[in-house]
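What follows is each chain in one-letter form.
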Amino acid sequence: MTNRVFKLFSSLQLTVVLLSCALVLVFVGTMAQVKLGLYVAQEEYFRSIFVYWQPNGVSWKIPVLPGGWLLGGLLLVNLLAAHVKRFQISKKKIGIFLIHGGLIFLLLGQFFTEVFQVESNLRLEEGQTRNYSENARLHEVAIIDVSNPDRDEVVAIPESLIAKTQEIRHAKLPFTIRVKEYFENSRPAGPMVEGKKMQAAGATDQFSEVPLVATMDEKNVPSALLELTTESGKVGEWVASLWQNEAHQFEFDGRTYNLLLRPTRYYKPYTIKLLDFRHDVYPGTTKPSNFSSKIHLSDPTRGEERDVLIRMNEPLRHAGETYFQASFDPTNDKVTILQVVRNPAAITPYVSCILMGLGLLVQFLMHLIGFAQKRKNQIAPRRDDPRKTTSTALAAGERNS
Amino acid sequence: MNVERALLKFFLAITPVLFVGCGGKEEIKVYSVPKEASQAAASSAMPASSHEDLHPIHWTTPPGWEELAPTSMRLGNFRITKGEKRAEVTIITFPGRVGTELENVNRWRGEIGLEPIEETAISSEPVVIGRGNGKLYEMAGPQFKTTAAILDKGDAKWFFKMRGDKDVVSEQKPAFVQLLKSITFHSDDDEPQVAAIEPPVSPNIEKIPEAESSGEPQWDVPASWQETPPTAMVFKSFSAGNTKISVTKFPGDVGGTLANVNRWRQQLSLEPIAQPQLAGLTTSIDVLGGKATLVDMKGIDAKTGKPARMIAATVPRGELTWFYKMMGDEATVAREKDAFVKFVQTVRY
């Protein structure tokens, strides 16, 4: 049984089938972006085990294609199994090993990038200093104990947990959070707006559920109706929404808390201050030709104090994060938006390219040297023939004599 | 085969670990941050400046009224206190249809403990709201009174409401009417922008905003026009038969009217003109919230070599200049001229 499984995984037929599936997946996944938008299509087609098809009006769905992760994983297994089965370590094969090693490294690196890469934005106005970035697509409900005059104690609950959990308890929270209603996309609604709505008891603001959006320039604005309770009763209920500018503040057990729904934050042990933001456009258009942010980086943990100019294609790399000049605020020309990318596997494409390049070079040189030697050997006997014959005859004569 | 078996086991063991690793983003995070950072952060989720910059409505607060911070619903939020008695004034807006007059009146009646009434029993008086005319309603319950006004503006409805203790509301009615008079909508634009329902600005802008994202105007496209995919630099394009209509926008005045007219003349294989001749060639038309310059020229299409007619309009709006151009064969352009002019005149920026 093991042998049969191993034979299947190491077969060339599997490679061909997987590559064909990958071809189809890339095509349909690309076409799906028209309807689903980039992010949803990526999730459904490439960051998935299977691609599902769901007929209209039913709750079940059936897998119709292997997803990106399954294909990538199987290709990796296939490559490794083929190596174990067919290749033997020898000097002659070193080039092939390097090429395949590079490919394996690339596949693994891409997988780890998918899993561990975190992208966020840092929005800064000139003169402003920040020590955190925010995720544009993920949100969190933050309950912040603001009683301490120096520091805020934050409990941040991811939106994904709010979406699927009825009750949330945490050791750091003296109350239980009950999610009474949650809309992944919402908008403020008036009393006459029909459809599903949420409204906190005693509050006037209402929010209605609206269809999800998927395109790159739209975003879902979530709202959640949360009730905070303890064993002795209800603390209060509020709608936390990304639409709101301010946190809800309340007192409990002698402490003051802020409750808000906000983009997920990533705090850093260093600060970045925006000194100057430049935004140039091509004359007569609104197309950006160049934009750059001059920032001051202050990292006490590494003893770094320096000014850095971040421009398009000239990011700042610091403490495992890369800051790219990404965007600007069309309503405020003093505001820069930097994209912050943390990718522990960022080095892998470079390493794999070096490995594959080296492998190709070795392979090519070995073939070249082998060919040159073979050619030399073929030519040499013909040219040396008379002398070789004489010397052979002489040697034979000497032996005979 | 030991190696093979070991390898297989390794993969079977590692696969679930890898996939479990993918789902590890759902933890509740607990951390402590310095106060300053947190406060700066609170203002960042939605920049305070966006309220001021994009606020679609302005007013003069009557004396004695306390202006409160706006909320996500209330663009205007006031409190009036007279000793123990109070009233509150709110300004809100909703896009589209938000109930009939009767539904709104009965909702207000319900708020102050009054029974619903029939449509024929509704009484209202006309009231000036900024540059528009709205309707004013008054209703008094046993303890509370509501004075409210509704204004229809473009696709949105605006509600202005004063509700509170009877005495206060009655006494403050002149101030409320004065507030309504003082209303001005964003810039010189008569059409209120429904900023309250726009998605929050930043920090979540995810791409370099294209020109389009700074605000798309609303328009009613004539039935005879078909929208076509815009090309580079063109904001929107339409076609009517073989006639093309394009809408473009640029910052600034893009060289002024003369330069633009001469650019268009070049497209019609016509000689450039000088400033004195310009006045005879252009006409001024009224558009919503301002004026537009219209030019109508005939020539030979420089691209096709065929006779062509062009009607173009420039509309300066804020820091942008909008260009509307219709070009094609003379018969179609003549037929579509009225629709084109009406289209330009009714664009809501």
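Residues numbered from 1 in each chain as written. Chains lettered and ligands numbered in written order. Predicted model: local features only at pLDDT ≥ 70, side-chain atom pairs only at ≥ 80, totals over all residues.

A. Just the overall build of chain A, in detail. Counting secondary structure elements, chain A contains seven helices and 19 strands. Of all intrachain contacts in chain A linking residues separated by at least 6 positions in sequence, the fraction that spans at least 24 positions is 53%. (Helix = DSSP H or I, 4+ residues; strand = E, 2+ residues; numbered from the N terminus. Contact = placed C-beta atoms within 7 Å.)

B. Layout of the sheet that holds strand β14 (residues 282-287) of chain B. Residues and elements named next belong to chain B. On the basis of which strands lie adjacent, the open sheet formed by seven strands has the order β11-β12-β13-β17-β16-β15-β14 and antiparallel pairing. Each end of this open sheet is capped by a strand with a single partner; those strands are β11 (226-228) and β14. Taken pair by pair, the neighbouring strands of this sheet meet at an average axis angle of 25 degrees, ignoring direction. For strand β12 (residues 236-240) and strand β13 (residues 243-251), the ladder comprises five bridges, and the chain directions are antiparallel. Each bridged residue has a counterpart across the sheet, and for serine 239 the counterpart in β13 is lysine 244. (Pairing = 2+ DSSP bridges. Axes fitted to C-alpha atoms, helices over the stretch in contact; angles between N-to-C directions.)

C. Summary view of the nonpolar core. Residues and elements named next belong to chain A. Grouped together as the largest cluster of nonpolar side chains are 30 residues, with contacts concentrated most on Val141, Ala224, Leu226, Val239 and Ala240. Of all elements in the fold, only β4 (129-145), β5 (151-158), β7 (176-183), β11 (223-230), β12 (233-241) and β14 (255-281) reach the threshold of two or more residues within this core. Other than its neighbours up to four places away in sequence, alanine 224 contacts Val141, Ile162, Val179, Glu181, Tyr182, Ala240 and Leu261. (Core = buried A, V, L, I, M, F, W, Y, C linked by C-beta atoms within 7 Å. Buried ≥ 20, exposed ≤ 12 C-beta atoms within 10 Å, placed from the backbone.)

D. Focus on the packing of helix α2 (residues 12-36) of chain A against helix α3 (residues 38-46) of chain A. Residue and element names in this part refer to chain A. Their axes nearest at 8 Å, the elements α2 and α3 cross at an angle of 145 degrees. Of the two possible hands of crossing, α2 and α3 adopt the one that is right-handed. Where α2 abuts α3, its residues Leu25, Val28, Gly29, Ala32, Gln33 and Leu36 lie against Leu38, Val40, Ala41, Glu44, Tyr45 and Phe46. Taken together, the residues of the contact of α2 with α3 sort by class into nine nonpolar, two polar and one charged. (Left-handed = near helix turned anticlockwise from the far one by under 90°. Nonpolar A, V, L, I, M, F, W, Y, C, P; charged D, E, K, R; others polar.)

E. Here's a closer look at the confidence of the model for chain A. Averaged over all residues, the pLDDT of chain A equals 86, while 93% of them reach at least 70. Segment residues 389-398 of chain A is flagged for pLDDT under 50; beyond a separation of four residues in sequence, or across chains, it makes zero contacts in the model. (pLDDT = per-residue confidence, 0-100.)

F. Examining the pairing of β7(A) more closely. Residue and element names in this part refer to chain A. The sheet contact formed by strand β6 (residues 167-168) and β7 spans two bridges and is antiparallel. Residue isoleucine 168 lies in a different strand from β7, and its bridge partner there is isoleucine 177. Relative to β11, β7 runs antiparallel, the two being bridged by seven bridges. The residue bridging glutamate 181 from the neighbouring strand is leucine 225, located in β11.

G. Inspection of helix α5 (residues 94-116) of chain A at higher detail. Spanning 23 residues, α5(A) covers 32 Å between terminal C-alpha atoms, matching the ideal 33 Å at 1.5 Å per step. What α5(A) keeps buried is the set Leu98(A), Gly102(A), Phe105(A), Gly109(A) and Phe111(A). (Expected span 1.5 Å × (residues − 1).)

H. The arrangement of the sheet that holds β12(A) in detail. All names here are of chain A. An order of β6-β7-β11-β12 is seen for the four strands of this open sheet, with the pairing classed as antiparallel. Every interior strand has two partners, whereas the edge strands, β6 and β12, have only one. Where β11 and β12 come together, eight bridges link them in antiparallel fashion. What sits directly across from leucine 225, in β12, is valine 239.

I. Region of the structure containing helix α4 (residues 101-111) of chain B. Residues and elements named next belong to chain B. The set of residues buried in α4 consists of Asn104, Val105, Asn106 and Trp108. Buried positions along α4 lie against β7 (132-140) and β8 (144-153). In the stretch just after α4, glycine 113 is the one whose phi turns positive, near 80 degrees.

J. Geometry of unusual backbone geometry. All names here are of chain A. Even without being glycine, aspartate 253 reaches a positive phi, approximately 55 degrees. With respect to the secondary-structure elements, aspartate 253 resides in the loop between β13 (248-252) and β14. Even without a glycine there, the phi angle at asparagine 313 is positive, about 70 degrees. If you trace the backbone, asparagine 313 turns up in the loop between β16 (304-311) and β17 (316-318).

K. Representation of the environment of His139(A) within the structure. All names here are of chain A. Tracing the chain through its elements places histidine 139 in strand β4. Once the C-alpha coordinates of histidine 139 and serine 160 are considered, the two residues, 21 residues apart in sequence, prove to be 8.2 Å apart. For histidine 139, the contacting residues outside a window of four places in its chain are Glu159, Pro222, Leu242, Leu261, Arg262, Pro263 and Thr264.

L. Here's a closer look at the pairing of β8(B). Residues and elements named next belong to chain B. Counting buried positions along β8 gives eight out of 10 residues, so the element sits mostly inside the fold. Relative to β8, β7 is paired through six bridges, and the arrangement is antiparallel. Following the sheet pairing, leucine 136 is matched in β8 by alanine 149. Counted between consecutive antiparallel strands, the loop separating β7 from β8 contains three residues.

M. Quick look at the packing of helix α4 (residues 68-86) of chain A against α5(A). Residue and element names in this part refer to chain A. Running from amino to carboxyl end, α4 crosses α5 at an angle of 155 degrees, the nearest separation of the two axes being 10 Å. With respect to each other, α4 and α5 are oriented roughly antiparallel. Viewed along their axes, α4 and α5 form a crossing whose handedness is left-handed. Contacts between α4 and α5 involve Gly72, Leu75, Leu76, Leu79, Leu80 and His83 from the former and His100, Leu103, Ile104, Leu107, Leu108 and Phe111 from the latter. Considered class by class, the residues forming the contact of α4 with α5 number nine nonpolar, three polar and no charged. (Parallel < 35°, antiparallel > 145°, perpendicular 65-115°, else oblique.)

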